[in-house]
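Okay, here's what each chain looks like letter by letter:
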Amino acid sequence: MSDGITRVLSIDGGGIKGVLPAAFLAEVEAATGKRIVDHFDVIAGTSTGGIIALGLGLGLSAREILDFYLNKGPAIFYQYPSPSSVWGRARAVTRKWLRRARHVVMPKYDPDRLRQALTEAFGARILGESQTRLVIPAYHALRREVYVFKTSHDPRFQADWKQSVVDVALATAAAPTYFPGHRLPNGAALIDGGIWANNPVGIAAVETVGVLDRDRKRVKILSLGCTEATWSVPPQAGGKDLFLAASDLFLQGQSKGAIGAAKLLIGHTESDPRLFRCSPTVAHGTFDVDTVDMIEDLRGLGSSSGREASPLLNKIFLDASKEPFRPFHHKIN
């Protein structure tokens, strides 16, 4: 039964590093015997976090979502176990360098494999089938405007619930230079929501307090990242220092700002904590968004973090069921 607390789950983007939050949640579900979707009133996710959020909303277990990454990740990113023959290894190296060369002038990967994997996972299901409120950021590059997919948890939201979950996932995960933008059936060409909200905790807090009009003092947020790198800007940094790390710098700054805004909005303080962040710190360069040979390390890091956090999460986030969710499109139709 709901206890009047609004519980929010926010999941960052990060490509194949989504293995980490998926493994974290799978460990929590296994340890507690409780489904994540039954306890969170709002779930926000960007890019790979959006795929996880969509899966949870549709009622998939975190273990099923983790298996999606483990089984489909290598094919999506064109990476397979090293061939045993010298000729096979030579061809694999050649393909790897061809992908890198392609990455200079065009998207590194064709989205068809991602589309196929998502279709196998989600079929023809639509956003309106979600069992809880979802907030999935994308970006409209031509209009230079944010584009946020939302379930019909407010009377104003009457369009997105009809969208195919596969289309929503392809849009939020269309990371520039890795995948081409995704065009929706309505013609809108969208790219990865990580352009402006790779850590969606800020918009999750805004949605909860501003749109749903929840009491900020009765909101609790669990924010999951895909690792934090131990990297900082040198005091006398020049172009050579920042060229290769610019993307990491921008994402790090956006994440810190989003966390700070969310804490302020819900009244989080050290004496009255309401936002709980889990994103393990690793050495800079340990993981990349499309390097699948580190999947087992990501899985282990996520599982061990989930094991450690389970008692606290069981007490704070899984101690009561979410309030009943009845989308407004059911009332309209």
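Scroll up for the structure.
Because the structure is a prediction, the values reported are computed rather than measured.

Attention now goes to unusual backbone geometry. Phi is positive for T177, close to 75°, though the residue is something other than glycine. Along the chain, the position of T177 falls in the loop between α6 (165-172) and β5 (182-183). Given a relative accessible area of 43%, T177 falls into the partly exposed group. Of note, the phi angle at D213 is positive, near 60°, even though the residue is not glycine.

So, on to the packing of aromatic side chains. The tally for this structure, following the rule as stated, stands at 7 aromatic pairs. Relative to F317, the ring of F40 lies with its centre 5.6 Å away and its plane at 20°, an arrangement referred to as stacked. Of this pair, F40 sits in the loop between α1 (19-32) and β2 (42-45) while F317 sits in the loop between α11 (295-316) and α12 (328-332); the two residues are 277 residues apart in sequence, bridging distant segments of the chain. When the centroid spacing of 6.1 Å and the interplanar angle of 50° are considered together, the rings of F77 and F179 count as tilted. Residue F77 is located in the loop between α3 (62-76) and α4 (86-105), and its partner F179 is located in the loop between α6 and β5; the two are separated by 102 residues in the primary sequence. An identical accessibility class is assigned to F77 and F179; each is buried. The structure contains a cluster of three or more aromatic residues connected by ring pairs, namely F40, F276 and F317.

With that settled, consider the pattern of salt bridges. Enumeration according to the criterion identifies 15 salt bridges in this entry. The salt bridge partner of E207 is K150, with a shortest N-O separation of 2.8 Å. Of the two residues, E207 is situated in helix α8 (residues 201-211) and K150 in strand β4 (residues 145-150); the sequence distance between them amounts to 57 residues. Comparing E207 with K150 shows no difference in burial state: the two are buried. Several salt bridges share partner residues, and in doing so they unite D3, R7 and D319 into one network.

Closest axis-to-axis distance for the α1/α3 pair is 8 Å, and the angle between their directions is 150°. As far as their axial angle goes, α3 and α1 are roughly antiparallel. Here the hand of the crossing between α1 and α3 comes out left-handed. Judged by residue contacts, V19, A22, A23, L25, A26 and E29 of α1 engage A62, R63, I65, L66 and Y69 from α3. For the contact of α1 with α3, the per-class residue count stands at 9 nonpolar, no polar and 2 charged.

Conventions used here
Residues numbered from 1 in each chain as written. Predicted model: local features only at pLDDT ≥ 70, side-chain atom pairs only at ≥ 80, totals over all residues. Heavy atoms only, no water. Helix = DSSP H or I, 4+ residues; strand = E, 2+ residues; numbered from the N terminus. Buried < 20%, exposed > 50% of the residue type's maximum accessible area, 1.4 Å probe, protein only. Phe/Tyr/Trp six-rings, centres within 6.5 Å; stacked < 30°, edge-to-face > 60°. Salt bridge = Lys/Arg side-chain N within 4 Å of Asp/Glu carboxyl O. Axes fitted to C-alpha atoms, helices over the stretch in contact; angles between N-to-C directions. Parallel < 35°, antiparallel > 145°, perpendicular 65-115°, else oblique. Left-handed = near helix turned anticlockwise from the far one by under 90°. Contact = heavy atoms within 4.5 Å. Nonpolar A, V, L, I, M, F, W, Y, C, P; charged D, E, K, R; others polar.

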